Amino acid sequence: MGRGIARLSALALGLMASAGPARAQDEDTQLWIYAVATGEVGERTTLTVDASARWREDRRGDEQQTLRATVMHEVAEGFALGGGVGVFEAGGETEIRPHQQIDLNLGRFTARTRLEERFFDGADQMELRFRQRIRYTLPLGKSASASVDGEYFNLVQTRDRGPNQPRDQWRGRVIVSADVGERFTLGLSYLYIFTPQPGATDLVNHVPQGIITYRF
């Protein structure tokens, strides 16, 4: 178990260190708290609802509250299709975000491919974002686990029509979670976000996270 945790930590640090080149960075620290409810609502069909509060500096868009629902249907063993919609509020502005998703489960490895249509107040056009995440999970006994994941973001279409806007983002995360009773899981994680800025200082966010999950 100890060697497994060490390998997970080394992999996570490698992902974070290699997210971008060695150049000037503008860094900040945020805090995100998630509440998640998930369960089966039909044969091979799962509903997940998540809400979060995200404490951020004004220059990062101010504090944000989110609510999102996702429905996934397993069409073959380890392969699910679905989608959903989310509402994101920050700084007095609202974002509506439908998404489509593919989940692939290969045992300890899982992959999530997501396409998001983002509608912002006052934007020139809809923003279209592609996301690809790969996660490895290591069991820690019967009721606990540790995970590490990496996710790549690309803005296929930006909300504004101006040139030279940042389009890529890289995220790396380490998660430790444990079951509390039959229906609840508590998790703690650290998320590293790297956003390269064309012709400007790159952005780095350090995000401790708390997660409580209820299974119905």
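Scroll up a little and you will see the structure.
Here we summarise the structure given alongside this text. (Residues numbered from 1 in each chain as written. Predicted model: local features only at pLDDT ≥ 70, side-chain atom pairs only at ≥ 80, totals over all residues. Heavy atoms only, no water.)

The next point concerns the environment of V207. One can find V207 in strand 12 (residues 202–215). With sequence-adjacent residues up to four places away left out, V207 is seen in contact with Q30, W32, S189, Y190, L191 and I193. (Helix = DSSP H or I, 4+ residues; strand = E, 2+ residues; numbered from the N terminus. Contact = heavy atoms within 4.5 Å.)

Attention now moves to the pairing of strand 10 (residues 168–180). Looking at chain direction, strand 9 (residues 144–157) and strand 10 are connected through eleven bridges and run antiparallel. Pairing of N154 across the sheet is with D168, part of strand 10. Two strands pair when backbone bridges link them, and strand 10 and strand 11 (residues 184–195) are joined in this way by eleven bridges, in the antiparallel orientation. In the strand pairing of strand 11, G172 is matched with Y192. If you look at the hairpin formed by strand 10 and strand 11, you'll find three residues sitting between the two strands, and G181 has a positive phi there, around 80 degrees. (Pairing = 2+ DSSP bridges.)

Now for unusual backbone geometry. For residues other than glycine, phi is negative in most cases, and the peptide bonds are mostly trans. The backbone phi angle of R44 is positive, close to 60 degrees, even though this residue is not glycine. For R44, the position within the fold is in the loop between strand 2 (31–42) and strand 3 (45–55).

Its location among the elements puts Q64 in strand 4 (residues 64–76). Here Q64 is in contact with S52, A53, R54, R56, F88, E89 and A90, once residues within four sequence places are set aside.

On the surface, V75, F79, L81, I102, L104, L106, F109 and I134 cluster together into a nonpolar patch covering about 690 Å² of accessible area. Top contributing element to the nonpolar patch by residue count: strand 6 (residues 93–106), with three residues. For V75, the location among the structural elements is in strand 4. (Patch = residues over 30% accessible without salt bridge, like charges linked within 9 Å, V, L, I, M, F, W, Y side chains within 5 Å. Areas by Shrake-Rupley, 256 points an atom, 1.4 Å probe, with all protein chains shown as cover. Salt bridge = Lys/Arg side-chain N within 4 Å of Asp/Glu carboxyl O.)

Looking at chain direction, strand 3 and strand 4 are connected through ten bridges and run antiparallel. Bridging across to strand 4, S52 finds its partner in T66. Here strand 4 pairs with strand 5 (residues 79–90) via twelve bridges, running antiparallel. The residue bridging T70 from the neighbouring strand is G84, located in strand 5.

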